[in-house]
Amino acid sequence: MAASLAKMPVVKQLFETANKILGYDLLELCLNGPKTELDRTVYCQPAVFVASLAALEKYKEMQGNGWFENQSIVTAGFSVGELAALVLGNALAFEDGNKS
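Owing to the predicted nature of the structure, the values given are computational and were not obtained by experimental measurement.

Asker: Sorry, what's going on with helix 1 (residues 9-22) here?
Answerer: Helical geometry: 3.6 residues make up each α-helical turn, so side chains three or four residues apart lie on a common side. Helix length check: helix 1, at 14 residues, gives a terminal C-alpha distance of 20 Å against a target of 20 Å (1.5 Å per residue), a fit within 8%. By the burial criterion, the buried members of helix 1 are Val11, Leu14, Phe15, Thr17, Ala18 and Asn19. On its buried face, helix 1 is in contact with helix 2 (26-32), helix 4 (41-63) and helix 7 (94-99). Among the residues trailing helix 1, Gly23 stands out with phi positive, at a value near 85 degrees.

Asker: Please explain the packing of aromatic side chains as it appears in this structure.
Answerer: Pairs of aromatic rings are described using the distance from one ring centre to the other and the angle between the two planes. Enumeration according to the criterion identifies two aromatic pairs in this entry. An angle of 85 degrees between the planes, with centres 5.0 Å apart, marks the rings of Tyr24 and Tyr43 as edge-to-face. Taken as a pair, Tyr24 in the loop between helix 1 and helix 2 and Tyr43 in helix 4 lie far apart in primary sequence, 19 residues in all. Tyr24 sits in the partly exposed class, given a relative accessible area of 23%. With centroids separated by 5.6 Å and ring planes inclined at 15 degrees, the aromatic side chains of Phe49 and Phe94 adopt a geometry described as stacked.

Reading the values: the criteria
- Residues numbered from 1 in each chain as written.
- Predicted model: local features only at pLDDT ≥ 70, side-chain atom pairs only at ≥ 80, totals over all residues.
- Heavy atoms only, no water.
- Helix = DSSP H or I, 4+ residues; strand = E, 2+ residues; numbered from the N terminus.
- Expected span 1.5 Å × (residues − 1).
- Buried < 20%, exposed > 50% of the residue type's maximum accessible area, 1.4 Å probe, protein only.
- Contact = heavy atoms within 4.5 Å.
- Phe/Tyr/Trp six-rings, centres within 6.5 Å; stacked < 30°, edge-to-face > 60°.

Okay, structure coming up:
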């Protein structure tokens, strides 16, 4: 999970921040498992949250400077995706999303 995105500096920073908040190496767990641990809700939900925001960072990069911020008017998500949508919409801090 997130292996291709982990090379981006902004994504590395997301995972490093999450690691400090969560108290474990989320990126290591995402990349190397074990899957039985990653499948547990306590690890899976933070992984999906951070990986969702990592994917959005890649999308922003692909669209070019400022395009995403200037074109997006609505965000939405389901379950833990709602937290990622709130962070994207600047209604929730990334740090607070990791604590939820």
